[in-house]
Amino acid sequence: MAYKSASRVLAVLGPTNTGKTHLAVERMLGHASGMIGFPLRLLARENFDRVVKLKGPRAVALITGEEKIVPPDPRWFVCTVESMPLDRAVEFLAVDEIQLCADPERGHVFTDRLLHARGRSETMFLGAETIRPLLQRLVPEAEIQTRPRFSTLVYTGPRKLTRLPPRSAVVAFSAAQVYEIAELVRRTRGGAAVVLGALSPRTRNAQVGLFQEGAVDYLVATDAIGMGLNMDLDHVCFAGLTKFDGRGSRRLQPAELAQIAGRAGRHMNDGTFGTTGELGPLDETLVEAIETHRFDPLDHLFWRNGDLDYSTPFTLQRSLEARSPAPFLIRAREADDQLALAGLLRERDIAERPWGPAGVRMLWEVCQIPDFRKTMTDSHAKLLGQIFRHLIGPYERLPESWVAEHVARLDAIAGDIDTLTNRIAHVRTWTYVAHRADWLTRAVYWQERTRAIEDKLSDALHERLTQRFIDRRAAGLSRRLSEGGALLAGVTRNDDVVVEGQTIGRLEGFAFVPDKDDESHAVLAIARRTLVADMPRRVKRFTSEPDDAFSLRPADTRVLWRGVPVARLVRGDRPAEPKVEPLQSEFLDGEAKVQVRRRLEAWLSAELARAFAPLTRLAQSSLTGAARGLAFQLIEAMGVVPRAIAAQQLGALTRGEADALARLGVRLGVATVFLPAMIKPRTAALKTALWSLHVERSLPPPPAPGAVSMPADPARPEALELALGFLRLGPRAIRVDQVEKLAAACRRLARQGAFAATPALRELAHCVEGDIAGVLKALGYRAEAGPDGITFTERRGRKPKRRRAVSDGAPRVPPRMIEGPFAKLGELARRRPR
């Protein structure tokens, strides 16, 4: 297959340091109008600044997902590849790093640009030689130019980290290893700048600035330096050759290693590359390929259908899954936007709403909001759902107060490196949203606000990295390390961390806690290196632990591993469905963190099933008919349902079904339906903690064990009071078993006519004379003043007041059942009578 173009198409191919980007920018500025797409935001910003200096700010536009600077009538556009406004015709168009068509995550976007993005007069693709054969098949009219590297690249073999030459970069492939190496360089050489892909562009540039200005002579980085960072590097040292790509560990391809190694030796200065002593020498064939820039050509590119059907969300899904037109165009695996679309369509209110093409387009645009944390967690999917619901609401805008609340949570510079990194990633998502002027009433304000927060957090993160990894004071053990001396270190069975026979700290969970705040940096560095090596053994031990090794601390919803915090509960869809997230640790990375999270999720599911055993038994029962629906309501409400809410199910209940419920411990009372076992004090703290987590605020503590009444507290959600076993009656909340006694006593008295609030009734209601009237009124009795005082009569012929489910986060009937400990109830929900 081939795609023809009327304009001149030029492909400029070659290794790094060949001046391809410089050539493309110069050619663009030679045309009356132009557009160039870069693979990274920081590259786009760097070249935008360069063009602005040449042509002035009124002539140039910058368009990225998180930043838009568009003057009234720009002639040239500098963009990220994803953000190129292809509906605007320009004389010249260029795409940088076109070999990224083979990238599993973003390749389909680059392939789309290769096939369809064209300038009216000239189109230029820049990239590696590996794409030449497939580019010629797809764009046969393209002229191919090959550019040689300005400088040579020479392999120098393995070296110890302590003996690297100045102006070196050490490349590792996990945050834990980067931190470990940076610590070592700090002790032995005074410090190192740190660059990871998770850093914001501002932080990344600030760290590179330290290296460029000579504040440090060493850089420790992930493969993030392989693209978009031009530095005065003389040597690149690989500390590893494998990386975790989000799905599993894989070995880097020779061309990928060459892209990184090529950062050494810029312009006419030659560069060298090698490995650490621990990694050992590279294969001779690999070395030759990198030095000569000869690699196997790409045999496939990633592709996704761009001709989308917006008739309905489901036709959109099918069009995204269309087969590619050629065998070497591999359909891209589901990208984040496609996964987000599938997730939102599992929400009944979204899937079943009336659809038109405009609504489907909006849904797809919302799904394309990026999760810069690269986790696609439930919290991001939930955020997308909330944004979409607001946009299709009556105001068709995101509420200012709602946006302000979310953004305000991120405006805090407290926390460690990982905390700040996550916060920056989150605020970048909001920066992206803020650049949708049609979604916000004050879009410019929110663009400035989110950008200011990102800059503030980035500066704080830069400061943390500098404090931790740059320290010129090296003495004692630092000197010994720099001379290559070996230090004996290890972790004891009691989790003590020992260096040279001295205990210097403990491993608590997956966090290292030194004994002294001023411990020698050299000792701490070797301890961290030991912990990184010990972590696979520790993770294996953790995942093999029995359930009784873990416990939940309700006071702060921390999960403890043999008494030590290792995780925290986070908000789920419902109070009874929290999620669990491992605490931040520099030693947990990639697959290890995935294994830890899976074990914690399995424990949490079993723990909730044990804590709420009566509900679990109810969920796993073989109830039928109305009893099944009533069981569902009890599970949703954690064991207590007011009779008014369950009236429909109770009215349809047969005697056999009632007996089946009774055998499962369900009591059908006059005022409530409840499980007596679920109102015991032992679960009260857990229920309160789960509700506090769900409503995201502190709640009053549960009533004391044995309490049968308490004042109704507006700070406590009414649904939580029910879950704790207390029914709100006027000014009091009374334990439901006590409510049944009170209701029965009132019914006996009412049969004889009007009755007064006897001391016995007040004792059952735990009320004084002044508020007994409110309690009995809530039970359905009318108060009347007579010559002998206030008497009460039952309201005859009244329709029961239909109570709504409590609005402050109370459970509602969903299209599916609770997961985790109640997973088997999913089948129950599907058969639930209407």
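Our subject is the structure that appears above.
Predicted, not measured: the structure shown is a model, and the values here were computed from it.

**Some words on unusual backbone geometry**
Most peptide bonds take the trans configuration, and most residues that are not glycine carry a negative phi.
Then, number 1: Phi is positive for Arg 167, close to 65°, though the residue is something other than glycine.
Then, number 2: Locating Arg 167 in the fold gives a position in the loop between strand 9 (153-159) and strand 10 (168-171).
Then, number 3: The phi torsion at Glu 396 lies on the positive side, around 55°, for a residue other than glycine.
Then, number 4: Following the sequence through the fold, Glu 396 ends up in the loop between helix 13 (378-391) and helix 14 (400-408).
Then, number 5: Classification of Glu 396 by relative accessible area gives exposed; the value is 52%.

**Some thoughts on the sheet that holds strand 32 (residues 732-735)**
Then, number 1: As summarised here, the arrangement of the three strands in space is 30-32-31, forming an open sheet in which the pairing is antiparallel. Every interior strand has two partners, whereas the edge strands, strand 30 (709-711) and strand 31 (726-729), have only one. Strand-to-strand twist of the sheet, defined as the mean angle between neighbouring strand axes without regard to direction, takes the value 25°.
Then, number 2: The sheet contacts of helix 26 (residues 736-750) involve strand 31 and strand 32, and relative to strand 32 the element is tilted by about 95°.

**Focus: the packing of helix 1 (residues 20-29) against helix 2 (residues 41-55)**
Then, number 1: Relative orientation of the contacting elements helix 1 and helix 2 amounts to 40°, with a least axis distance of 12 Å. By the angle between their directions, the pair helix 1 and helix 2 is classed as oblique. Crossing angle aside, the handedness with which helix 1 passes helix 2 is right-handed. Between helix 1, through Thr 21, His 22, Val 25, Glu 26, Met 28 and Leu 29, and helix 2, the contact on the second element is made entirely by Asn 47, Arg 50, Val 51, Leu 54 and Lys 55.
Then, number 2: Its residues assigned to classes, the contact of helix 1 with helix 2 shows five nonpolar, three polar and three charged.

**A short note on helix 9 (residues 313-320)**
Then, number 1: Within helix 9, burial applies to Pro 313, Thr 315, Leu 316, Ser 319 and Leu 320. On an axial view of helix 9, the arc spanned by its buried residues comes to 160°, and they lie on one face.
Then, number 2: Contacts made by the buried residues of helix 9 are with strand 18 (329-331), helix 10 (336-344) and helix 12 (357-367).

**Topic: the packing of aromatic side chains**
Then, number 1: Evaluated as defined, the whole model comprises twelve aromatic pairs.
Then, number 2: A network of ring pairs unites the aromatic residues Phe 510, Phe 542, Phe 550, Trp 561 and Trp 603 as a single cluster.

**Side note on the packing of helix 9 against helix 12**
Then, number 1: The interhelical angle for the contact between helix 9 and helix 12, taken along N-to-C directions, is 55°, at an axis separation of 9 Å. It follows that helix 9 is oblique to helix 12 by the angle criterion. You can see that helix 9 and helix 12 cross each other, and the crossing is right-handed. Touching Pro 313, Leu 316 and Leu 320 of helix 9 are Val 360, Leu 363 and Trp 364, all from helix 12.
Then, number 2: When its residues are assigned to classes, the contact of helix 9 with helix 12 shows six nonpolar, no polar and no charged.

**Points about the pairing of strand 12 (residues 218-221)**
Then, number 1: Side-chain alternation along strand 12 places Tyr 218 and Val 220 on one buried face and Leu 219 and Ala 221 on a second face that is also buried.
Then, number 2: Direction of pairing for strand 10 relative to strand 12: parallel, over a ladder of four bridges. Bridge assignment links Val 170 to a residue of strand 12, and that residue is Val 220.
Then, number 3: The pairing of strand 11 (residues 193-195) with strand 12 spans three bridges and is classified as parallel. Each bridged residue has a counterpart across the sheet, and for Ala 193 the counterpart in strand 12 is Leu 219.
Then, number 4: Running through helix 6 (residues 201-212), the crossover from strand 11 to the neighbouring parallel element strand 12 is right-handed.

**Looking at the environment of Ile 417**
Then, number 1: With respect to the helices and strands, the residue Ile 417 is situated in helix 15 (residues 417-434).
Then, number 2: For Ile 417, a relative accessible area of 7% gives the class buried.
Then, number 3: Through-space distance from the C-alpha of Ile 417 to that of Glu 586 is 9.3 Å; in sequence the pair is 169 residues apart.
Then, number 4: Filtering out sequence-adjacent residues up to four positions away, Ile 417 remains in contact with Tyr 179, Leu 461, Arg 464, Leu 465, Arg 468 and Phe 469.

**Description of the pairing of strand 10**
As a general feature of sheets, a regular strand has side chains that alternate between the two faces.
Then, number 1: Along strand 10, one buried face is formed by Ser 168 and Val 170 and the opposite face, lined by Ala 169 and Val 171, is buried too.
Then, number 2: Summarising the sheet, strand 10 and strand 13 (residues 235-238) pair through four bridges and their orientation is parallel. Pairing of Ala 169 across the sheet is with Val 236, part of strand 13.

**Focus on the environment of Arg 795**
Then, number 1: In this fold, Arg 795 is placed in the loop between strand 35 (789-794) and helix 29 (825-830).
Then, number 2: Separated by 14 residues in sequence, Arg 795 and Tyr 781 place their C-alpha atoms 5.8 Å apart.
Then, number 3: Discounting residues that sit within four places of it in the chain, Arg 795 has contacts with Lys 777, Gly 780, Tyr 781 and Arg 782.

**A few points about the sheet that holds strand 22 (residues 511-514)**
Then, number 1: Read from one edge to the other, the open sheet built from four strands follows the order 19-20-21-22, with strand pairing classed as antiparallel. The open sheet is flanked by strand 19 (489-491) and strand 22, the only strands paired with a single partner. Within this sheet the neighbouring strands show an average axis-to-axis angle of 25°, counted without direction.
Then, number 2: Two elements, strand 21 (residues 502-508) and strand 22, share four bridges in a ladder whose sense is antiparallel. Residue pairing for strand 22: Gly 505 is matched across the bridge by Pro 514.

**A short note on the pattern of salt bridges**
Then, number 1: Applying the stated criterion to the full structure yields 51 salt bridges.
Then, number 2: Of the charged contacts, one joins Glu 581 and Arg 597 as a salt bridge, the two residues approaching to 2.7 Å between their closest N and O atoms. Here the residue Glu 581 occupies a position in strand 26 (residues 579-582), and Arg 597 occupies one in helix 19 (residues 591-611), the gap between them amounting to 16 residues.
Then, number 3: In this structure Glu 581 comes out as partly exposed when scored by relative accessible area, which is 22%.
Then, number 4: A salt bridge links Asp 659 to Arg 655; its shortest N-O distance comes to 3.5 Å. Of this pair, Asp 659 and Arg 655 both sit in helix 23 (residues 655-663), four residues apart, which is roughly one turn of the helix.
Then, number 5: By relative accessible area, which is 34% here, Asp 659 ends up partly exposed.
Then, number 6: Owing to a relative accessible area of 67%, Arg 655 belongs among the exposed residues under this scheme.
Then, number 7: One network of salt bridges, with partners in common, ties together Arg 41, Arg 45, Asp 49, Glu 66, Glu 67, Arg 428, Arg 451 and Glu 454.

**Digging into the side chain of Gln 259**
Then, number 1: Position of Gln 259 relative to the elements: it lies in helix 7 (residues 254-261).
Then, number 2: For Gln 259, a relative accessible area of 16% gives the class buried.
Then, number 3: Here the side chain of Gln 259 touches Gly 226 through a polar contact of 3.0 Å, landing on its backbone oxygen.
Then, number 4: Leave out the neighbours within four places in its chain, and Gln 259 touches Thr 16, Glu 97, Gln 99, Gly 226 and Met 227.

Rules and cut-offs
Residues numbered from 1 in each chain as written. Predicted model: local features only at pLDDT ≥ 70, side-chain atom pairs only at ≥ 80, totals over all residues. Heavy atoms only, no water. Helix = DSSP H or I, 4+ residues; strand = E, 2+ residues; numbered from the N terminus. Buried < 20%, exposed > 50% of the residue type's maximum accessible area, 1.4 Å probe, protein only. Pairing = 2+ DSSP bridges. Axes fitted to C-alpha atoms, helices over the stretch in contact; angles between N-to-C directions. Contact = heavy atoms within 4.5 Å. Parallel < 35°, antiparallel > 145°, perpendicular 65-115°, else oblique. Left-handed = near helix turned anticlockwise from the far one by under 90°. Nonpolar A, V, L, I, M, F, W, Y, C, P; charged D, E, K, R; others polar. Arc of directions from axis to C-beta. Phe/Tyr/Trp six-rings, centres within 6.5 Å; stacked < 30°, edge-to-face > 60°. Right-handed = clockwise from strand over helix to strand, strands pointing away. Salt bridge = Lys/Arg side-chain N within 4 Å of Asp/Glu carboxyl O. Polar contact = N/O pair within 3.5 Å; in protein donor to acceptor, adjacent residues only side chain to side chain.

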